[in-house]
Amino acid sequence: MKLVIGNKNYSSWSLRAWLACKQSGLSFDEIVVPLFGSDWEEHQRQDNLQPSHGKVPVLWDGEAVVWDSIAIMEYLADKVGRDRFWPKDEVARGTARAMVAEMHSSYLALRSECPMNIRKRITGGSFSEDCKQDIIRILGLWAEARSRYGSGGPFLFGAFGAADIFYAPVVSRLLTYGVAVPGFAEGYMQAVWEHDWMQEWIAAAEDEEWTIQQYDRAQA
């Protein structure tokens, strides 16, 4: 398998697909394409990105090609067993699926005002009311998952899984923009940030030489 992703410092959807590949336990090669660089349009026209109409991430597996992070995760879950990604308990699994779907389709204010930027730290930033409501909603979902299903470990449903994969970029955003969170959320965020796979991604992001000016100017 090969996974085509964008810059590790900025590409939240690439992070989700990459974590899903790691969670699958399957071997894969990664191809990093610098987003919005001088040759970005040329990259978009190449065969690796044609099926997704020039967007990352894209997973290639023999004759199969899958784009969009949630589709990639579900494809991998079909290959290795869904219990590797989702809680075994039916009720918990239903909540986890709903949380992942909401992350995939919602929180537009948070996404636009606080783009992922692993290398950056900002203090004293201001947020719109819509962005604040996104954060409150996410913290509420985290609190419910941790209190109802998190007794088996430090992650949302105990063990690391699909929900943590999809909220990992949110953890990065909250850290980057200095968002104050309650103690339970601090503990969860620390567990995600210190996970071996996240540390591998963070180290690679810090070593990247590419920059995207519009993201580095956000909340400057």
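Residues numbered from 1 in each chain as written. Predicted model: local features only at pLDDT ≥ 70, side-chain atom pairs only at ≥ 80, totals over all residues. Heavy atoms only, no water.

Draft legend 1. Spotlight on the overall build of the protein chain. On a plain count of helices and strands, the protein chain comes out with ten helices and four strands. Listed by position from the N terminus, the elements making up the protein chain come as β-α-β-α-β-β-α-α-α-α-α-α-α-α. Excluding contacts between residues fewer than 6 apart, the proportion of contacts in the protein chain whose partners are at least 24 apart in sequence is 70%. Of the roughly 10300 Å² of accessible surface on the protein chain, a fraction of 48% belongs to carbon and sulfur atoms. (Helix = DSSP H or I, 4+ residues; strand = E, 2+ residues; numbered from the N terminus. Contact = heavy atoms within 4.5 Å. Areas by Shrake-Rupley, 256 points an atom, 1.4 Å probe, with all protein chains shown as cover.)

Draft legend 2. A look at the sheet that holds strand S1 (residues 2–5). Ordered by their spatial adjacency, four strands build an open sheet running S2-S1-S3-S4, and the pairing between neighbours is mixed. At either end of the open sheet lies a strand with only one pairing partner, and these are strand S2 (29–32) and strand S4 (64–67). Within the sheet, the average angular offset between the axes of one strand and its neighbour, ignoring direction, is 15 degrees. By the bridge criterion, three bridges tie S1 to strand S3 (residues 58–61) in an arrangement that is antiparallel. Residue pairing in the sheet places valine 4 in a bridge with valine 58 of S3. Sitting on the sheet, helix H1 (residues 12–24) is in contact with S1, S2 and S3, with an inclination near 160 degrees to S1. (Pairing = 2+ DSSP bridges. Axes fitted to C-alpha atoms, helices over the stretch in contact; angles between N-to-C directions.)

Draft legend 3. Here's a closer look at the layout of surface pockets. Here the second largest pocket is characterised by a volume of approximately 190 Å³. Along the wall of the second largest pocket there are 16 residues; nearest its centre are Trp86, Pro87, Lys88, Phe157 and Ala159. Every element with two or more residues in the lining of the second largest pocket is listed here: helix H4 (90–105) and helix H7 (162–176). The element contributing the most residues to the lining of the second largest pocket is H7, with three residues. Here the lining of the second largest pocket is built from residues that sort into ten nonpolar, one polar and five charged. (1 Å grid on protein atoms, 1.4 Å probe; cavity = no way out; pocket = protein on both sides within 12 Å on 5 of 7 lines; lining within 4 Å. Points joined across faces, edges and corners; volume = space filled by probe spheres on them. Nonpolar A, V, L, I, M, F, W, Y, C, P; charged D, E, K, R; others polar.)

Draft legend 4. Spotlight on the nonpolar core. Counting residues in hydrophobic clusters, the biggest one holds 64 residues, and the most contacted among them are Leu3, Met73, Phe85, Trp142, Leu156, Phe157 and Tyr167. Of all the elements, H7 adds the most residues to this core, at nine residues. Setting aside its immediate chain neighbours within four residues, methionine 73 contacts Ala20, Phe85, Trp86, Val100, Ala162, Ile165 and Phe166. Formed by five residues, the second largest nonpolar core is a distinct cluster that contains Val33, Leu35, Val56 and Val58. (Core = buried A, V, L, I, M, F, W, Y, C linked by side-chain atoms within 4.5 Å. Buried < 20%, exposed > 50% of the residue type's maximum accessible area, 1.4 Å probe, protein only.)

Draft legend 5. Structural view of unusual backbone geometry. Positive phi, normally seen in glycine, also occurs at aspartate 68, with a value near 80 degrees. Within the secondary structure, aspartate 68 sits in the loop between S4 and helix H3 (69–80). Among the residues examined, aspartate 68 registers a relative accessible area of 31% and is labelled partly exposed. At tyrosine 107, a position not held by glycine, the phi torsion is positive, near 65 degrees. With respect to the helices and strands, the residue tyrosine 107 is situated in the loop between H4 and helix H5 (108–113).

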